[in-house]
Amino acid sequence: MKALTRSIALLMMGIATLSLATSCKEDDNKKPEEKKEQASLKGNISADRTLDAKVAYTLDGALFVKEGATLTIPAGTVITSETGFDKYILVEQGAKINIQGTAQSPVTLTAKDKKPGAWGGLVINGYAPLTSSQKSAKTEINPEYPYGGDQPADNSGSINYLKLEYCGAQSNDAVEHNSLTLNGVGSGTKISNIFAYMGADDGVEFFGGAVSVDNFLAVNMDDDMFDVTQGWCGKLTNAYGVWEDGHVSTEKDPRGCEVDGNHDGNYAGDSHQSNFTIENITILLAQKPSQDKGQFANDIFKIRRGATAKIINALVKGQGQAENFINTTDKLGNGTLTITYNNQLTTPLMGKLIKKEKEKEVNATEDKSLTGCDPALFAWTGYKFPDVKFESIKGNIAKDMTLDASVAYMLDGPLFVKKGATLTIPAGTVITAGQGFDKYILVEQGAKIMVKGTAEKPVIMTGIEKRAGSWGGLIINGYAPLTSGQKSANTEINPEYPYGGDQPEDNSGSIEYLVLEYCGAQDNDNVEHNSLTLDGVGSGTKIANVFAYAGADDGVELFGGSVSVENFLAVDMDDDMFDVTQGWCGKLTNAYGIWRDGHVSTEKDPRGCEVDGNHDGNYPGDSHQSNFVMENVTIELAQAPSQDKGKFVNDVFKIRRGATAKIINALVKGQGQAENFINTTDKKGNGSLTITYNNQLTTPIFGKLIKTGAESEVNAKEDKSLKGCNSALFGWTKYDFEKHTYNRK
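Residue positions within a chain follow its written sequence, with the count starting from 1. Restriction of local features to residues with pLDDT of at least 70 applies here, the model being predicted, together with a cutoff of 80 or more for giving and counting side-chain atom pairs; totals for whole chains, interfaces and linings are based on all residues. To get the side-chain values, take all heavy atoms of the structure and skip hydrogens and water.

Draft legend 1. Inspection of the overall build of the protein chain at higher detail. When its secondary structure is counted, the protein chain shows 2 helices and 58 strands. Dimensions of the protein chain, computed from the C-alpha atoms along their principal axes, are close to 105 × 55 × 45 Å. Taking as baseline every contact in the protein chain between residues at least 6 positions apart, the subset at least 24 positions apart corresponds to 74%. Areas reported as accessible are Shrake-Rupley estimates using a 1.4 Å probe. Residue values count occlusion only from the protein chains shown. Accessible surface, the protein chain: about 28,100 Å² in total, of which carbon and sulfur atoms supply 47%. The charge count treats Lys and Arg as positive and Asp and Glu as negative. His and the chain ends do not count. One atom stands in for each charge, and that atom is NZ of Lys, CZ of Arg, CG of Asp or CD of Glu. Looking at the protein chain, you have 73 positive and 96 negative side-chain charges, and the mean spots of the two groups are 2 Å apart. Only DSSP runs of H or I with at least four residues qualify as helices, and only runs of E with at least two residues qualify as strands; both kinds are numbered from the N terminus onward. By definition in these notes, contact holds between two residues if any of their heavy atoms fall within 4.5 Å.

The following block contains the structure:
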């Protein structure tokens, strides 16, 4: 069944060649070429032989260049292989191959059947060292032919300007050809300008040796773009790996670079483990984002099993997905990596940016100025690189600006929309933030933001790393009033930017259908981003249909102002689902907050709704304390019952410090626990609440149903018919309310 699945997937990958083949036929019709002489290649080359570029060669079987012989292939030669695992070229130890292609007339090794895995590939065996206990080893695809030795400067010839197409035939899952296999090849061998296209295994695999390679382009490899094992100690300069849109791997763990120190992890105690350098490398994942098997890279850089790698100037880009960016862990031994990189992937990682067991395993420096490998080096191939529209955004927007939904945006630093300017974000736009507290969007007083998402195409603001607190969030500052003693205040995460004033109807723009993922980066425990922060925002601002997912502080926090918000879903907030302070006097309609099973808060007092009348309780004598309405609210605690810290909410509704709240139609449900259901007490002043609610929690509250300082503080009416917020309002988010899963593709 696996073989059938693999064949079907590889056939689909081969369809990408159709337009190229059609183009060639059209050119042939326009300029008929003289029919070439035909010749067959297979068997042994025991004496020096030079092919003829005027001859059309067919590879009818395995071709062996024997010890002492040299095979020379001049510029423009084309060798076309019949189909099968046994169709390959193997250069034995002590033999040489000289491929003398040019940029204008490269040498081409291809197949009659235009699909990955149609034939084997090119294998070169040398006498250069492997790991210390392996004086020699046997070729994977034919164990009759050894490689390895004690000659690091061994010379197996030279390769320049070579195309390898449709390689990678397999005998079984463990015995496969690569496009180019370098077995114990020495540093005396010169290899430059290689294009591996549509291979069914790796673009190149280094099995030990000391050979260096310059300028290697690998497109649509089924497994790894670049693979290292068995003690390779050379250098790869200018490497470019591409997965095109529509590419599907049939392998279990495809990667950008897969690096083993020793062969299959079986020689962990050997010296002379792989220790090499890659300089100037680009990995382009151009396929549509997907977490389906075969449609994402397991790791961009996997360094394991005793390997030591130095990677300089790595650029990783595209909309495709990866599980981990860097991974040095393996059950057969970890690896060590020093790397300078620029991560420009626009879709968050499924796993970790850096997966390691020990700190010393990885020395990683991110540098957004790095440009990786220059694609112009591969102009000779005729390959058209995928058109990946990408743009970095940060700094000041001082005049009206409209983003382009077809462009992948990377937020590389704080982005400020300045007074008088409007930032318009059309439906379908995705903004991916780099990691860190300083990655956020702030709309200043007198500026506007227009988020024009739709149910079918929401605007996405996400983080490069798929974890709570990966980046900051969205902040809007307006001129609407705070409590009376505060004519203005300073933004928590950057005090240079004020908010508040005397304009309750102030207009900061509009938000419609917005997803905020992995927000909440913090500077310290008292200076934290929320997913959405509304600072003194006025009622002229329109906000509806917002989804905050996996935030490290609050889903939304309203610091004063009079803005109203409709249809807000908050899932797995680390602190409060909905937070109010500093004199907010608007309305929140249709609010749904969820803690999923397994969610653990790191905050000291997480709540469903936390409400302060004034800022931090420091302005109890002010007028214009928070006085607002919430209508149609559901708080769902889906986690397993527990009284362990971080696994229960301190209060479902905490109304304090002079606040007056009216909550209509509140449903609280789930198996999770809460200390108190309603709590209006606080040492800096109590609050006042009028509420109609339906308590459907299946685990008893371990504090009080209503904790209050005076009976007049709470007017509570329970009504078992109340249904809270309608979850159908959030169908557009792709959040599954029954399974409590979220998978945006």
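Draft legend 2. Focus on the pattern of salt bridges. When a carboxyl oxygen of Asp or Glu lies within 4 Å of a side-chain nitrogen of Lys or Arg, that pair is called a salt bridge. Taken as a whole, this structure holds 31 salt bridges when the rule is applied. The partner of Arg 596 in a salt bridge is Asp 572, with the nearest N and O atoms 2.9 Å apart. Of the two residues, Arg 596 is situated in the loop between strand E48 (587-595) and strand E49 (607-612) and Asp 572 in the loop between strand E46 (564-571) and strand E47 (578-581); the sequence distance between them amounts to 24 residues. Residue class for Arg 596 comes out buried when judged on its relative accessible area of 17%. Under the relative-accessibility criterion, Asp 572 is labelled buried at 9%. Note that Lys 720 and Glu 718 form a salt bridge whose closest N and O atoms lie 2.8 Å from each other. A simple rule labels every residue: compare its accessible area, found with a 1.4 Å probe on the protein chains alone, to the largest value its type can have, and call it buried under 20%, exposed over 50%, or partly exposed in between. A relative accessible area of 39% places Glu 718 in the partly exposed class.

Draft legend 3. Spatial organisation of the pairing of strand E52 (residues 660-670). Looking at chain direction, strand E50 (residues 627-637) and E52 are connected through 9 bridges and run parallel. By the bridge assignment for E52, Val 629 is matched with Lys 662. Two strands pair under a simple rule: DSSP has to find at least two bridges between them. Inspection of the sheet shows E52 paired to strand E54 (residues 688-697) by 9 bridges, in the parallel sense. Of the residues in E54, the one forming a bridge with Leu 667 is Asn 694.

Draft legend 4. Here's a closer look at the side chain of Thr 733. Of note, Thr 733 is situated in the loop between strand E56 (714-718) and strand E57 (735-736). Leaving out residues up to four positions away in the same chain, Thr 733 has contacts with Phe 547, Leu 569 and Tyr 742.

Draft legend 5. Inspection of the packing of aromatic side chains at higher detail. Stacked, edge-to-face and tilted are the three classes for Phe, Tyr and Trp ring pairs, Trp counted by its six-membered ring, which pair at centre distances within 6.5 Å; planes under 30 degrees apart are stacked, over 60 edge-to-face, the rest tilted. Here the structure, examined in full by the defined rule, presents 31 aromatic pairs. Relative to Tyr 742, the ring of Phe 547 lies with its centre 5.1 Å away and its plane at 85°, an arrangement referred to as edge-to-face. Residue Phe 547 is located in strand E44 (residues 542-549), and its partner Tyr 742 is located in strand E58 (residues 741-742); the two are separated by 195 residues in the primary sequence. Grouping residues by exposure puts Phe 547 and Tyr 742 together as buried. On the numbers, 5.9 Å between centres and 75° between planes, the contact of Phe 653 with Phe 677 is edge-to-face. Here Phe 653 is found in strand E51 (residues 648-656), whereas its partner Phe 677 is found in strand E53 (residues 673-679), with 24 residues between them in sequence. A relative accessible area of 0% means that Phe 677 is categorised as buried. Taken together, the ring pairs in this structure connect Tyr 518, Phe 547, Tyr 549, Tyr 592, Phe 730, Tyr 735, Phe 737 and Tyr 742 into an aromatic cluster.

Draft legend 6. Focus on unusual backbone geometry. At Asn 280, a position not held by glycine, the phi torsion is positive, near 70°. With respect to the helices and strands, the residue Asn 280 is situated in strand E22 (residues 275-285). Even without glycine at this site, His 740 takes up a positive phi of about 55°. For His 740, the location among the structural elements is in the loop between E57 and E58.

Draft legend 7. Quick peek at the confidence of the model for the protein chain. Every residue is assigned a pLDDT by the predictor, reflecting its confidence on a scale from 0 to 100. Per-residue confidence for the protein chain gives a mean pLDDT of 94; residues scoring 70 or more make up 95%. Across residues 1-30, where pLDDT falls below 50, the model places 32 contacts with residues more than four positions away in sequence or in other chains.

Draft legend 8. The arrangement of the environment of Ile 141 in detail. The topology assignment puts Ile 141 in the loop between strand E10 (137-138) and strand E11 (146-147). Under the relative-accessibility criterion, Ile 141 is labelled buried at 10%. Separated by 161 residues in the primary sequence, Ile 141 and Lys 302 place their C-alpha atoms 24 Å from one another.

Draft legend 9. Structural context of the environment of Gly 501. Looking at the element boundaries, Gly 501 is found in the loop between strand E39 (498-499) and strand E40 (509-517). Here Gly 501 falls in the partly exposed class, since its relative accessible area comes to 22%. Counting along the chain gives 344 residues from Gly 501 to Gly 157, while the straight-line C-alpha distance between them is 77 Å. Excluding residues within four positions of it along the chain, Gly 501 makes contact with Tyr 479, Ala 480, Pro 481 and Lys 487.

Draft legend 10. Expanded view of the nonpolar core. Leu 122, Leu 182, Phe 216, Phe 226, Ile 281 and Phe 301 are the most contacted members of the largest nonpolar core, which has 92 residues in total. Take this core: its biggest share by element is 6 residues, from E22. Filtering out sequence-adjacent residues up to four positions away, Leu 182 remains in contact with Ile 124, Ile 191, Val 204, Glu 205, Phe 206, Phe 207, Gly 208, Val 211 and Val 213. By size, the runner-up hydrophobic cluster in this structure holds 71 residues, among which are Ile 393, Met 461, Trp 595 and Leu 697. In these notes, a set of buried Ala, Val, Leu, Ile, Met, Phe, Trp, Tyr and Cys residues joined through side-chain atoms within 4.5 Å is what counts as a nonpolar core.

Draft legend 11. Structural context of the side chain of Ser 508. Tracing the backbone shows Ser 508 in the loop between E39 and E40. Not counting chain neighbours up to four residues away, the residues in contact with Ser 508 comprise Ala 447, Lys 448, Ile 449, Ile 476, Asn 477, Gly 478, Val 537 and Thr 541.

Draft legend 12. Structural view of the state of the cysteines. For this text, the term disulfide refers to a pair of cysteine sulfurs within 2.5 Å. Within this structure, the stated rule accounts for 0 disulfides. As a non-bridged cysteine, Cys 609 has Cys 725 as the owner of its nearest cysteine sulfur, 12 Å distant.

Draft legend 13. Here's a closer look at the environment of Val 204. Note that Val 204 resides in strand E17 (residues 204-207). Of the residues examined, Val 204 reaches a relative accessible area of 1% and is grouped as buried. Along the sequence, Val 204 and Phe 216 sit 12 residues apart, while their C-alpha atoms lie 8.8 Å from each other. The residues contacting Val 204, other than those within four sequence positions of it, are Leu 180, Leu 182, Phe 216, Met 225, Phe 226 and Asp 227.

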